[in-house]
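# Analysis of the macromolecular model
Listed below, chain by chain, are the residues.
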Amino acid sequence: MKTNVGGVDKWLRIAVGLLLIVWAATRGPVWAWIGVVPLATGLFNFCPLYALLGFNTCKR
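Residues numbered from 1 in each chain as written. Predicted model: local features only at pLDDT ≥ 70, side-chain atom pairs only at ≥ 80, totals over all residues. Heavy atoms only, no water.

## Side note on helix H1 (residues 7-25)
- Here H1 is 19 residues long and its end C-alpha atoms lie 28 Å apart, about the 27 Å a rise of 1.5 Å per residue gives.
- The complete set of buried residues in H1 reads Asp9, Arg13, Ile14, Gly17, Leu20, Ile21 and Ala24. Projected onto a plane normal to the axis of H1, the buried residues spread over an arc of 140° and lie on a single side. Of the residues in H1, the exposed ones pointing more than 90 degrees away from the buried face are Val8, Trp11, Leu12, Leu19 and Val22.
- Next to the buried residues of H1 lie helix H2 (36-44) and helix H3 (48-53).
- Taken from the residues just after H1, arginine 27 is the one with a positive phi, measuring 70°. (Helix = DSSP H or I, 4+ residues; strand = E, 2+ residues; numbered from the N terminus. Expected span 1.5 Å × (residues − 1). Buried < 20%, exposed > 50% of the residue type's maximum accessible area, 1.4 Å probe, protein only. Arc of directions from axis to C-beta. Contact = heavy atoms within 4.5 Å.)

So this is what it looks like as C-alpha cells:
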C-alpha cells in the first residue's frame, strides 16, 4: 500500500470519522458507524478509492 492520503485530507478524515463514531455511540443513527471508514483511511494514510482513481493528496 502506497501512501495516498496526506495533509489536510488526512486530518479532516480523522476528525469526521471520530465525530461520526461519537455520534453513533451516543444514540445516533446506526449509519453513523460509517465513520470507521474515514478514520481508518486517515490513520493508515491509504484510501483504496483514491488508488483506483489514481488520486493522491500526499506531497511525497
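## With respect to the pattern of salt bridges
- Considering all chains together, one arrives at one salt bridge under this definition.
- Residues arginine 13 and aspartate 9 are paired through a salt bridge, measuring 3.1 Å at the closest nitrogen-oxygen approach. Placement of both arginine 13 and aspartate 9 in helix H1 is noted, with a separation of four residues, approximately one turn of the helix. (Salt bridge = Lys/Arg side-chain N within 4 Å of Asp/Glu carboxyl O.)

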